[in-house]
Structures are given as C-alpha cells and as structure tokens.
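Given next are the chains, with one letter for each unit.
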Amino acid sequence: MSLGVSPIPKKYCNFSCVYCQIGRTDHMTDKREDFFPVENIIDEFKEYIKENDDYHVVTVVGEGEPTLYKSLGKLIAELKKLTSKPIAVITNGANLGDKSVREDLMECDLLLPSLDAFDEASFKALHRPHGRVKFLKSYEGLVELSQKFKGELWIEVMLIEGINTSEEALIKLKALLDKVKYTKVYINAPVRPPAEGNIVVPPKESIERAVNILGGFSIDTLTTGKFSSGIVDNYEGILSIIKRHPMNQFEIEAFLKDRNCSEDEIKNIFNILKEDVTVEIIEYKGFYTYRGLI
Ligand code: SF4
C-alpha cells in the first residue's frame, strides 16, 4: 500500500512519452519550480497520517515528473521526520544529469527511475523529451547517482514493440544497465491506454526476450492494482484516483466492493461515470478504462 504524495500539478513534465497513461503532456517544461509550498504538502500529509496508518511506503510521484519540484530534497527530509516508513520517489530519470536533482534524491530510501531508451534516437521516439533534455546526460547522471546512492534502486524498463524490443536494442540496454549499480530491474509493458493509439504493446515473446537479456522480471501480470482512498464518498473517491491514475472497470468494481457497495450501487456509479463529462472512457485490451480529465 503506497501513500502517494504529488508535488506537481497535472501533466507538468519534461517528457511526453508515447505510452503515457495520462495522455500527452500539455505543460512541457524543464524548469524546476515550487508549484506548491512544501509546508502545505506537509500539512496535508500530517492531516492524513493522524487518522491513517494503512500504508507501507510513502511515494513521491506525480501526474508528471516529480523531480521538477524544486524543493524535492526538503520535501523528502520533512516527510522523513514524520514517518518511519520508507520514502520512495518514482522518476522518469530525465533530470538525473542535474547535480541538484541527484543531491535531492540522495535521502530517499527507494528510487525508481526509468531506463527505456538505449540511444538518443530511441530516447526521442519513446519520450519526445523537452528540447534541453538529452539522453546521454540523463543516463550518465543515473550512473553517477547509483554509485553514491545508499537506498534501493529499482529500474523500470517500459517496452514498446518496434522501438526497444529487438535483440539488438535489448543488448544495448543491457550494456547500459551494466554500468548502473541497481537493486532490481522491472520489465514493464503498457497495460492502460497510452497517449498514442498507434503504439504496439509487446507480445509475450518480446517480454520474455527482455527478461532473458536484461535479467529483470516482468510486472506485466502484476499491474492490476488495489486502490483505496481516504475520501468517504465513493464517487468522489473514484474521481480523485482516476485523475491521477486511470482505473479499469474491474479495478473500480473491486474498489467499490471493498467499500461494501451493493451490485445496484456499483451499477449506478458506472452509469454516472458514463455521463460524467470530466471522465474519459477508453476501450482498450477488451475492457474499459476510466481516466479523469480534470
Ligand atoms: S509517462 Fe511519466 S514521464 Fe512520460 S510523459 Fe507521462 S508523466 Fe511524463
């Protein structure tokens, strides 16, 4: 159970990944800013943990890229004063070439950076980065950080068929990974509707090839998550989750059943979602996924 702390507004990112599950980036930026005062985030966190202790890890994550938050180091330090649970940060890795970002991340317990690309061309094809973000600088920053980092480093590799799934591509990725001092590698594939409809989800053989060459393990089968919300109202609870993280119909159903909703109540909520103009419903992989638009 992860308690998410998001220090950035929706879709402020230095990437616009073709596979992004929250759509195309409409606030492309490489400027680090204090979008919200640290004190406000910490107050909200304090309020939450007064009543709840049901989480195992605090995850700094965004509906965009969390290292764009300028006071990230201070935020991590303040969170650590308030909880003994591990603090994790999920990052796209783009900013790791920046020394101040690496310093900010040093105090987290668990760092989950992405490494999907193996050269500048595949970097551009996968992430459509901000003009000032360069593959080599980000990668070298990851290598440098990994040498000094005291916590666990879990690397995620997102596979997109035709871009980073060939044997040649995976061998190049493996050579890059070998220079990084990491704890685990996760092989992932898009399981939710991606930003671009034309991207190809890798077939089982490609995922197996990646697992064999990179030596990681696949989380493709583990990605149906269990969701919870501190919001009492069931519908508002769903809206608050799907504006950050899309949920498929089964996840919504499980969320509502966990809250002891009857079949009729569940049906009613799906009907309201269907009419809600702030919710996008996408048919993908044979079922419906719900995404909050605002
Ligand atoms: S997947 Fe992450 S890094 Fe890529 S565009 Fe979406 S929010 Fe940004």
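The numbering scheme is per chain: residues are counted from 1 as the chain's sequence reads. pLDDT decides what is reported in this predicted model: residues at 70 or higher carry local features, side-chain atom pairs at 80 or more are listed and counted, and totals for whole chains, interfaces and linings draw on all residues regardless. For side-chain calculations, the full set of non-hydrogen atoms in the structure is used, while hydrogens and water are omitted.

Q: Could you give me a rundown of the overall build of the protein, with the residues and numbers involved?
A: The secondary structure content of the protein amounts to 10 helices and 12 strands. Between the two quantities, the radius of gyration covers C-alpha atoms and the globule rule is 2.2 Å times the number of residues to the power 0.38. A globule of 294 residues ought to have a C-alpha radius of gyration of about 19 Å, and the protein, at 19 Å, matches this closely. Each principal axis of the C-alpha distribution contributes one length, and for the protein these read about 55 × 45 × 30 Å. Classification of residues uses two cut-offs on accessible area relative to the type maximum, computed with a 1.4 Å probe and protein chains only: under 20% is buried, over 50% is exposed, and between them is partly exposed. In the protein, which comprises 294 residues, the share counted as buried stands at 50%. Excluding contacts between residues fewer than 6 apart, the proportion of contacts in the protein whose partners are at least 24 apart in sequence is 74%. Using the Shrake-Rupley algorithm and a 1.4 Å probe, accessible areas are obtained, with residue cover drawn only from the displayed protein chains. Accessible surface, the protein: about 14400 Å² in total, of which carbon and sulfur atoms supply 52%. If the 38 positive side-chain charges of the protein are averaged to one point and the 46 negative ones to another, these points end up 5 Å apart. A run of H or I in DSSP becomes a helix once it reaches four residues, and a run of E becomes a strand once it reaches two; helices and strands are each numbered from the N terminus. Only heavy atoms matter for contacts: two residues are in contact if any of them lie within 4.5 Å across the pair. Note on charges: Lys and Arg go in the positive column, Asp and Glu in the negative column, and His and the chain ends are not counted at all. Every charge is mapped to an atom, namely NZ of Lys, CZ of Arg, CG of Asp or CD of Glu.

Q: Can you lay out the pairing of strand 8 (residues 184-188) for me, pointing to particular residues and giving the numbers?
A: The buried fraction of strand 8 amounts to 4 of the 5 residues, a majority that puts the element mostly inside the structure. Regarding topology, helix 6 (residues 167-177) serves as the crossover connection from strand 7 (residues 152-158) to the parallel strand 8, and that connection is right-handed. Crossover handedness is defined here as right-handed if the route from the first strand over the helix to the second strand goes clockwise, with the strands pointing away from the viewer.

Q: An account of the domain arrangement of the protein is needed here, citing residue identities and associated values.
A: By domain assignment, the protein separates into domain 1 (2-222) and domain 2 (247-292). Domains are outlined according to an automatic or database domain assignment. Each of domain 1 and domain 2 has a C-alpha centre, and the two are 27 Å apart. Taken together, the contact between domain 1 and domain 2 spans 11 residues of the former and 9 residues of the latter. Defined in terms of a 1.4 Å probe, buried area is the accessible area two parts forfeit on being brought together, summed over both. Overall, the association of domain 1 and domain 2 removes approximately 730 Å² of surface from exposure, summing both partners, and the carbon and sulfur fraction of that is 48%. Considering only the side of domain 1, the residues that lose the most area to domain 2 are Val191, Arg192 and Pro193, jointly responsible for 58% of the buried surface there. Definition of a polar contact: a pair of N or O atoms within 3.5 Å, with one able to donate and the other able to accept a hydrogen when the atoms are protein atoms, and with sequence-neighbouring residues admitted only if both atoms are side-chain atoms. Linking domain 1 with domain 2 are 2 residue pairs in polar contact (both at pLDDT 80 or more). Of the residues assigned to the side of domain 1 that touches domain 2, the class counts are 7 nonpolar, 2 polar and 2 charged. Polarity classes work like this: nonpolar for Ala, Val, Leu, Ile, Met, Phe, Trp, Tyr, Cys and Pro, charged for Asp, Glu, Lys and Arg, and polar for all others, with Gly in that last group.

Q: Let's hear about the side chain of threonine 165: which residues, and what values?
A: Tracing the sequence through the fold places threonine 165 in the loop between strand 7 and helix 6. Look at threonine 165 and you get buried, because its relative accessible area is 3%. Engagement of the side chain of threonine 165 in a polar contact is seen with the backbone nitrogen of glycine 162, the distance being 3.2 Å.

Q: I'd like a description of the packing of aromatic side chains, backed by residues and values.
A: Any Phe, Tyr or Trp ring, taking Trp's six-membered ring, that has another such ring centre within 6.5 Å forms a pair; planes under 30 degrees apart are called stacked, those over 60 apart edge-to-face, and the others tilted. Overall, the coordinates contain 6 aromatic pairs when judged by the stated rule. Members of the aromatic cluster, each reached through a chain of ring pairs, are Phe15, Phe123, Phe135 and Tyr139. Two conditions define a charge sitting above a ring: the NZ of Lys or the CZ of Arg must be within 6 Å of the ring centre, and it must be within 35 degrees of the ring normal. Taking the ring centre of tyrosine 55 as reference, the NZ or CZ of lysine 85 above it sits at 4.0 Å.

Q: I'd like a rundown of the nonpolar core, residues and numbers included.
A: Residue types Ala, Val, Leu, Ile, Met, Phe, Trp, Tyr and Cys, when buried and joined through side-chain atoms within 4.5 Å, form a set referred to as a nonpolar core. The biggest cluster of nonpolar side chains holds 65 residues, and the ones touching the most others in it are Leu75, Leu79, Leu105, Leu111, Leu115, Ile155 and Leu214. Listed in part, the 17 residues of the second largest apolar core include Ile252, Ile266, Ile269 and Val279.

Q: Outline the site of the ligand, listing residues and values.
A: Here a residue counts as near a molecule or strand whenever at least one of its heavy atoms sits within 4 Å of it. Every residue near the ligand is listed here: Lys11, Cys13, Phe15, Ser16, Cys17, Tyr19, Cys20, Thr25, Gly64 and Asn92. Classifying every residue of the shell around the ligand by side-chain character gives 5 nonpolar, 4 polar and 1 charged.

Q: Describe helix 7 (residues 204-214), with residues and values.
A: One turn of the α-helix equals 3.6 residues, which is why residues spaced by three or four share an orientation. When helix 7 is considered as a whole, its buried residues turn out to be Ser206, Ile207, Ala210, Ile213 and Leu214. Along the axis of helix 7, the buried positions cluster into a sector of 135°, meaning they face one direction only. More than 90 degrees from the buried face of helix 7, the exposed residues found are Lys204, Glu205 and Asn212. Positive phi shows up at glycine 215, right after helix 7, with a value of about 75°. Arc definition: directions from the helix axis to the C-beta atoms.

Q: Now, about the packing of helix 1 (residues 38-51) against helix 2 (residues 72-82): what can you tell me, with residues and values included?
A: Contact geometry of helix 1 with helix 2 gives a least axis separation of 10 Å together with a crossing angle of 25°. Considering their axes alone, helix 1 and helix 2 lie roughly parallel with respect to each other. Note on packing geometry: the crossing formed by helix 1 with helix 2 is right-handed. Taken together, the residues of helix 2 that come into contact with helix 1 (itself represented by Val38, Glu39, Ile41, Ile42, Phe45, Lys46 and Ile49) are Lys74, Leu75, Glu78, Leu79 and Leu82. For the contact of helix 1 with helix 2, the residue count by class is 8 nonpolar, no polar and 4 charged. Angular values range over 0 to 180 degrees, each being the angle between N-to-C directions of two axes fitted as lines to C-alpha atoms, with helices fitted over their stretch in contact. Angular relationships are summarised with four words: roughly parallel below 35 degrees, roughly antiparallel beyond 145, roughly perpendicular across 65 to 115, and oblique for the angles in between. In this scheme, a crossing is called left-handed if the near helix is turned counterclockwise away from the far one by less than a right angle; it is called right-handed if the turn is clockwise.

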